[in-house]
Amino acid sequence: MILEKVVFKFHRSLNTNAILGLLAEADNVLSSYTGFICRQVAYTEVTDSWTELLWWTDRDCAVAAAAQFVRGPCAKRFIDSIDGGTRLTHSVVIHQFPKYEPNHQNSTCNLRREE
């Protein structure tokens, strides 16, 4: 499993509803890609930054999805709303506790505990 982490800032001119709309639009696109497991987005008030965590079945799917996403119309709106650059990393998940496995029946981050 691959964890993709993207850190960025939205333009200060965007209100919460506009940001949630952009996130929901991206959810619809990203969840259609092969290997997508789930996506979480968190806000850090101290730095006024956003951290996006995307879970993928493997690195190839993560890289292919990123390449495909940036070519689509949703990406233009999303990227144009970002203030400055982004930091992106792909990491192999080597440990998690308690142990969970993804529930692929939902595109949300509903994880079921492994028995």
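Provided above is the structure to which this section pertains.
Here we summarise the structure given alongside this text. The structure presented is a predicted model; accordingly, all values stated were derived computationally and were not measured.

### Some details on the environment of Glu4
Here's step 1: In this fold, Glu4 is placed in strand S1 (residues 2-8).
Here's step 2: In this structure Glu4 comes out as buried when scored by relative accessible area, which is 6%.
Here's step 3: Separated by 58 residues in the primary sequence, Glu4 and Ala62 have C-alpha atoms spaced 7.4 Å apart.
Here's step 4: Setting aside anything within four residues of it in sequence, one finds Glu4 in contact with Glu52, Leu53, Leu54, Trp56, Ala62, Leu88, Thr89 and His90.
Here's step 5: Within the structure, Glu4 has its side chain in polar contact with the side chain of His90 (distance 2.6 Å).

### Examining the sheet that holds strand S4 (residues 87-92)
Here's step 1: One open sheet accounts for four strands, arranged S2-S3-S1-S4; its pairing is antiparallel. The open sheet has two edge strands with one neighbour each: strand S2 (36-44) and S4. Mean inter-strand twist for the sheet, computed between neighbouring axes without regard to direction, equals 15°.
Here's step 2: Note: S2 against strand S3 (residues 49-56), eight bridges, orientation antiparallel. Its bridge partner being in S3, Cys38 is matched across the sheet by Trp55.
Here's step 3: Here helix H1 (residues 16-30) sits on the sheet and contacts S2 and S3; the angle it forms with S2, its principal contact strand, is near 165°.

### A short note on the side chain of Asp48
Here's step 1: Its location among the elements puts Asp48 in the loop between S2 and S3.
Here's step 2: For Asp48, a relative accessible area of 18% puts it in the buried group.
Here's step 3: Beyond its immediate sequence surroundings of up to four residues, Asp48 is in contact with Lys9, Arg12 and Tyr43.

### A few points about the pairing of S1
Here's step 1: For S1, the buried fraction is high: five of the seven residues fall into the buried class.
Here's step 2: Bridge analysis of S1 against S3 gives seven bridges, and the strand direction is antiparallel. From the neighbouring strand, Phe8 faces S3, where its bridge partner is Trp50.
Here's step 3: In this structure, S1 lies alongside S4, joined through six bridges in antiparallel fashion. Note on S4: the bridge partner recorded for Leu3 is Ser91.

Parameters and conventions
- Residues numbered from 1 in each chain as written.
- Predicted model: local features only at pLDDT ≥ 70, side-chain atom pairs only at ≥ 80, totals over all residues.
- Heavy atoms only, no water.
- Helix = DSSP H or I, 4+ residues; strand = E, 2+ residues; numbered from the N terminus.
- Buried < 20%, exposed > 50% of the residue type's maximum accessible area, 1.4 Å probe, protein only.
- Contact = heavy atoms within 4.5 Å.
- Polar contact = N/O pair within 3.5 Å; in protein donor to acceptor, adjacent residues only side chain to side chain.
- Pairing = 2+ DSSP bridges.
- Axes fitted to C-alpha atoms, helices over the stretch in contact; angles between N-to-C directions.

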